[in-house]
Amino acid sequence: MNKLKRISISKMRQQQAFKFFNRVCALIAPVTPEFKIYYDELKKANEEYEKTLSFHHKSLLTEKINEYDKKRNLSWRALRTAVNSLMLVPNPGYESVIKEADLILGTYGNPSRVPNTEQTGIIKNLIDDLYTRINKDNCKDLGINSFIEELQENNNLFSEYVVRRQDERSTHIPGIARMNRKKTEKAYRNMTQSLEVLSDLESGNQDFQTFIISLNQLIEEENVIIKARQTRNKNKKTEDTQTNSETGATTEPEPNLA
């Protein structure tokens, strides 16, 4: 009968631990009610761990923020080009309106040259001035209203995603990634303990043996990575000691990032 191998999860780096838990959760588990309870608890804990890691590295909303930031810059350029084109051709009855639109755009300048947080307000004020000083009907008659509306929409969406990301960050609790990792480690230990007990009680259940074989393979792979890292660290420490003995320098111990 196959016995479950041991692994020191606490020695794993953050991403290695997360990858290991993911691979364990992807295994085909024995379909017994007793084991399913612990296996589902591990999956649930790992899902929470994944959420905090995703936030820790990069908010998923950042991609949307960057997307609409680019879109609103393109919208402004399209509006600026449209007004420039109107300045070059005769538009009887609208000469003063076109000059006013050109003056307004010139006064505010290119919003993309200022920080994002300032750009949002500048674009809002620009649109308000265009509609107030030359009114929306004239914008429609000149064919620039569609450019203004597109600029307004992209600016609003940019602002909306920024607020959503701020709300997301406000819910972040310092140290939550470490806390959720500990919960996942505990769930993994509970799962393996139940696995060992149940596989002994149900020694004739081949599903448990198959699961243990698959899990042992994952454990062996991760143990190789852990051992290789420990060897590198040991060699580096030896090299540093030799260098310091030659130079008389001292080296601060590296922080444990496991």
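Residues numbered from 1 in each chain as written. Predicted model: local features only at pLDDT ≥ 70, side-chain atom pairs only at ≥ 80, totals over all residues. Heavy atoms only, no water.

S.K.: Give me the lowdown on helix α1 (residues 14–25), citing residues and values where you can.
M.R.: The end-to-end C-alpha distance of α1, which contains twelve residues, comes to 17 Å, matching closely the 16 Å that a straight helix rising 1.5 Å per residue would cover. When we look at burial in α1, the residues that qualify are Q16, A17, F18, F20, F21, V24 and C25. (Helix = DSSP H or I, 4+ residues; strand = E, 2+ residues; numbered from the N terminus. Expected span 1.5 Å × (residues − 1). Buried < 20%, exposed > 50% of the residue type's maximum accessible area, 1.4 Å probe, protein only.)

S.K.: Explain the side chain of E185 to me, using residue names and the numbers behind them.
M.R.: Along the chain, E185 falls in helix α8 (residues 176–201). Among the polar contacts made by the side chain of E185, one reaches the side chain of R181 at a distance of 2.8 Å. Among all residues touching E185, those that are not within four sequence positions of it are I9, S10 and F21. (Polar contact = N/O pair within 3.5 Å; in protein donor to acceptor, adjacent residues only side chain to side chain. Contact = heavy atoms within 4.5 Å.)

S.K.: Any chance you could break down the nonpolar core for me, citing the residues and the numbers?
M.R.: Counting 30 residues, the largest nonpolar core has F20, F35, Y188, F211 and L215 as the members making the most contacts within it. Broken down by secondary-structure element, the contributors of at least two residues to this core are α1, α2 (33–57), α8 and α9 (206–247). The leading source of residues in this core is α9, at seven residues. Not counting the four nearest positions on each side in its chain, F211 is found in contact with L27, I28, A29, P30, F35, Y39, M191 and L195. Counting residues in each nonpolar core, the second largest holds 21 residues, with I98, I123, Y131 and L151 among its members. (Core = buried A, V, L, I, M, F, W, Y, C linked by side-chain atoms within 4.5 Å.)

S.K.: Provide a residue-level description of the pattern of salt bridges, including the pertinent values.
M.R.: The final tally for this structure, using the stated rule, is 16 salt bridges. Between E100 and R133 there is a salt bridge, with the nearest N and O atoms lying 2.6 Å from each other. Of the two residues, E100 is situated in helix α4 (residues 95–108) and R133 in helix α5 (residues 116–133); the sequence distance between them amounts to 33 residues. Note on R133: relative accessible area 40%, which makes it partly exposed. A salt bridge links E160 to R164, with the nearest nitrogen and oxygen atoms 3.9 Å apart. Of this pair, E160 and R164 both sit in helix α7 (residues 145–170), four residues apart, which is roughly one turn of the helix. Judged by its relative accessible area of 38%, E160 falls in the partly exposed class. Owing to a relative accessible area of 38%, R164 belongs among the partly exposed residues under this scheme. Three or more residues are tied together by salt bridges with common partners; here these are R23, E221 and E222. (Salt bridge = Lys/Arg side-chain N within 4 Å of Asp/Glu carboxyl O.)

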